[in-house]
Amino acid sequence: MAVIGAGPAGLVAVAVARQYGIETALLDEQPRAGGQIYRNIGAADEAMTAILGPEYAQGRDLLPSRDDPGRHDIFGASVWQITRDGGIYYSHESGASALTAEHIILATGAIERPMPIPGWTLPGVMTAGAGQTLLKNPGLLPQGKVVLAGSGPLLWLLAAQYGRAGVDIAALVETTPRANLHRAALKLPGLLREGELLRQGRALRRELKRLGPRHFKDARGLRAVGEEHVRALCFTVGGQEHEIPCDLLLLHMGVTPNVQFTRALDLPHDWDDVQRCWRPRSGPGGATEISNLRLAGDGAGIVGARAAALQGRLAALAVAGEMGEAVANAVAEAGNELSRRLAARPFLDRLFAPGAECLDPPDDTIVCRCEEVTAGGIRDLAARGCRDVNQLKALGRPGMGPCQGRMCGLTVAEVLARSLNLPIEDVDYFRLRWPAKPVSMHELAMFAEAEDA
Amino acid sequence: MPDTSDVIIVGGGLHGLSTAIHLAKAGLNTVVLEKDHPGRHASGVNAGGVRRLGRHLAEVPLSVAALEVWENIDDFVGDDCGFSACGQIQIAETEAELAQQAARVEELRTLGFEHERLIDQAALRQIVPALARHCVGAIWCPEDGAANPYRTTQAYFRTARSLGVRVELGAAVANIERAGADWQVRTVRDSFQAPVLVNTAGAWGHRVGRMIGDDAPVEPAAPMLMITERVEPFITPVLGAAGRKLSFKQYGNGTVMIGGGQRGRAVPERNIAETKLAGMGNSAATVKALFPQLGPVNVVRCWAGIEAIMPDVIPVIGPSKAAAGAYHAFGFSGHGFQLSPIVGRLLCELITEGKSSLPIEAFAIDRFDNVQSS
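Residues numbered from 1 in each chain as written. Chains lettered and ligands numbered in written order. Predicted model: local features only at pLDDT ≥ 70, side-chain atom pairs only at ≥ 80, totals over all residues. Heavy atoms only, no water.

Explain the interface of chain A and chain B here, please?
The accessible area lost on association of the parts is a frequent measure of interface size. Chain A puts 33 residues into the contact, and the matching count from chain B is 36 residues. The interface formed by chain A and chain B contains 1 salt bridge. For Glu371(A), the salt bridge goes to Arg230(B), with nearest N and O atoms at 3.0 Å. The tally of links between chain A and chain B comes to 12 residue pairs in polar contact (both at pLDDT 80 or more). Mapped onto the side of chain A that touches chain B, the elements with two or more residues apiece are strand 4 (78-82), helix 15 (389-396), strand 23 (439-440) and helix 18 (441-445) of chain A. With 4 residues, the single largest contributor to the side of chain A that touches chain B is helix 18 of chain A. Across the side of chain A that touches chain B, the residue classes tally to 16 nonpolar, 6 polar and 11 charged. Note: strand 23 of chain A against strand 21 (residues 298-304) of chain B, 2 bridges, orientation antiparallel. (Contact = heavy atoms within 4.5 Å. Salt bridge = Lys/Arg side-chain N within 4 Å of Asp/Glu carboxyl O. Polar contact = N/O pair within 3.5 Å; in protein donor to acceptor, adjacent residues only side chain to side chain. Helix = DSSP H or I, 4+ residues; strand = E, 2+ residues; numbered from the N terminus. Nonpolar A, V, L, I, M, F, W, Y, C, P; charged D, E, K, R; others polar. Pairing = 2+ DSSP bridges.)

I would appreciate a short explanation of the sheet that holds strand 3 (residues 71-75) of chain A in the present structure.
In a beta sheet, neighbouring strands pair by backbone hydrogen bonds and run either parallel or antiparallel. All names here are of chain A. If you walk across this open sheet you meet the 5 strands as 3-2-1-7-20, and the pairing is parallel. Every other strand in the sheet has two partners, leaving strand 3 and strand 20 (293-295) as the edge strands with one partner each. Neighbouring strand axes in the sheet, compared pairwise and without regard to direction, differ in orientation by 15 degrees on average. As judged from the 3 bridges shared by strand 7 (residues 104-106) and strand 20, these two strands associate in the parallel manner. Note on strand 20: the bridge partner recorded for Leu-106 is Leu-295. (Axes fitted to C-alpha atoms, helices over the stretch in contact; angles between N-to-C directions.)

Honestly, the domain arrangement of chain A in this entry has me stumped. Any pointers?
Residues and elements named next belong to chain A. Parsing chain A into structural domains produces domain 1 (2-111 + 256-325), domain 2 (114-253) and domain 3 (360-427). Between the C-alpha centres of domain 2 and domain 3 the distance comes to 26 Å. Listed as interface residues are 6 residues of domain 2 and, on the opposing side, 8 residues of domain 3. Between domain 2 and domain 3 the total buried area reaches about 650 Å² when both faces are included, carbon and sulfur atoms providing 64% of it. The largest share of the area that domain 2 buries against domain 3 comes from Pro-114, Pro-116 and Trp-120, three residues that together contribute 65% of it. (Domains from an automatic or database assignment. Buried area = accessible area lost by both parts, 1.4 Å probe.)

Would you explain the sheet that holds strand 7 (residues 137-141) of chain B in this entry?
Spatially, 23(A)-21(B)-15(B)-18(B)-17(B)-16(B)-5(B)-7(B)-6(B) is the arrangement adopted by the 9 strands of the open sheet, whose pairing is mixed. Both edges of this open sheet fall to strand 23 of chain A together with strand 6 (117-120) of chain B, since each of them pairs with a single strand only. Bridge count between strand 6 of chain B and strand 7 of chain B: 4 bridges; the pairing is antiparallel. When the sheet's bridge partners are listed, Leu118(B) is paired in strand 7 of chain B with Ile139(B). The sheet contacts of helix 5 (residues 95-110) of chain B involve strand 5 (88-92), strand 6 and strand 7 of chain B, and relative to strand 7 of chain B the element is tilted by about 30 degrees.

Below you can see the structure in the form of structure tokens.
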């Protein structure tokens, strides 16, 4: 069994499979296990773990406690193609390799939703996720004044982590509309069932109050300004203009499933209208329409680390079950816990639903950074008759750069659908083809074959 | 009541739209039925080669006439279609390949065509200094070049509509019947009627052919293309090789497109084409052999499009064999892009004058009558 992605879902899937004696391969791009949430967990020292907090420290429990010859962890491996018959192709420092697995669990996690405000491509503007990545490894703290802006739990968490580390946070600017809170309130009972999450949220808010950065809520019309480098974040609250000088601006608008692999595999995807993202279709145990391929964790729909771990458990149990193991009790137990963990999602999804800023940016805002296509450029093409994102890609080049639309795919579709006044399902999503990541000629040439007659 | 017109064209790719443009200019009321949108398959996702070099002898007169249109493509469709006469070159890696190329150039010359020129190693190195040193010579067509396929398709589409052609999108043809002397074509939504029917349905051309009683052995295939990351400009012409499957072109933005016939997997039932790693590997190996310095360069994107390949790799162009008032142009076998301006003109001549101004006998649909249909 092969698992792609060594975050909570992948790590638990491997651990469970090993309990049943299933030989495993675990591949991940990073040099160590942990995924995004527990990045570098095996190497973080006490001081850093204290800054990152107790939720981060929980990741240690997922690491293997001893050497295990049936477990093959391959780190620094960038997987760029998988096939329906179980082939996995990847690059690592010594070149390209391939392996074949009877079962594959895709645990490729989430990516940050881009937040294309005017000026977001200026040097000195990054995503909050990138800021947190630098904090976890190599332990970099930003110098100068930092502004965090956007919406989503990561924004609070990073503000608290920076606060603990003594970073100068000039402001926390939340764009979450008040209306979201009203919509989310209807789903409060679910949140109350997931007590741990509620406690964590409250503790974070208390901590933020104590740390005391300026806190703006319901901010609108965000703009990063500066010439060579970001100088300030401008926005309005209740009609009043604000300009907060900063040296670093960190933006965040929640996370969405990373669908590059499931799209390239041509699996069916469903539109999530609350979270405004595509989710690959999967059933119990993460089953997909490809019989030997399962999904687990945020890659199948945003669920958070604890639920992702349970999905990893369920996917591995399903594989063990197919191999004849008696797993019914374990499946029922994990399934119950998962539904409790998921009870809070409707509340969170509604509270942190992406705002209009990032779904309908002004004309001069760059949407596709690789090919420098603006929102206005997309609207022009829509006016000239483009009906779906693949036509748009062919004509205007958004999504044609090295990231293959991973960054801009959702925004391009939102802008096009709004210009045409169509449901987003009608404008579709970029057709993706292998390789899912850039691969060198040297590496590709290793897979040359004698030509068919 | 069915929609009535003078001509119904099935297939809104480049050949269908070119035919529609010529017919509209001749004053005929024309409807194009397109199952997806223009440029969804071969017309939009090909390599964009505007190439006379290396054409099958039967295609040469058409290709030469087509280039004359390409050189002023703005006059035809009101857009430069991204055309640039950057030259096309076909390299020889051995003396034996060069000897074959010399014979080819000589054969064309005896037929009255002088666009292909044989050049030696020194001249080749001057034109493509970055090429591996073992290459011994080439055929060189400096007036040939490349254009942007999707932009071209859109320009054809706009021009056709501006001339009053109705292009129905999402109009997959369900069946075709006779209604008196007319053709009646039913799509998923509507019904269309006209005395003349044109089949420019590409990889689906044989299916439309069968609906009117013509059989042709089309094999749907999926030629693949790869695009590299941006690199410093190092080559101007489009480069092919006598002994390898290769079409190689660097764009103005620095990316390099690599194609040339490595095939993916066509799945016409699902309307998609998948890439195949072995073919991408072969292309990469070819690139490394001819441009070793590109070894570390990343391929950032691959794609494949569905195209119709004929057993003799030349298209079907001409009247139906089975039925009066029907015409075909499909099965361009991976090299129909350059021919699109001229094929529409010839079909228009067939429809309005009953004859073609250029020889098209070699493309008759009945040439497969003794061939087992696939």
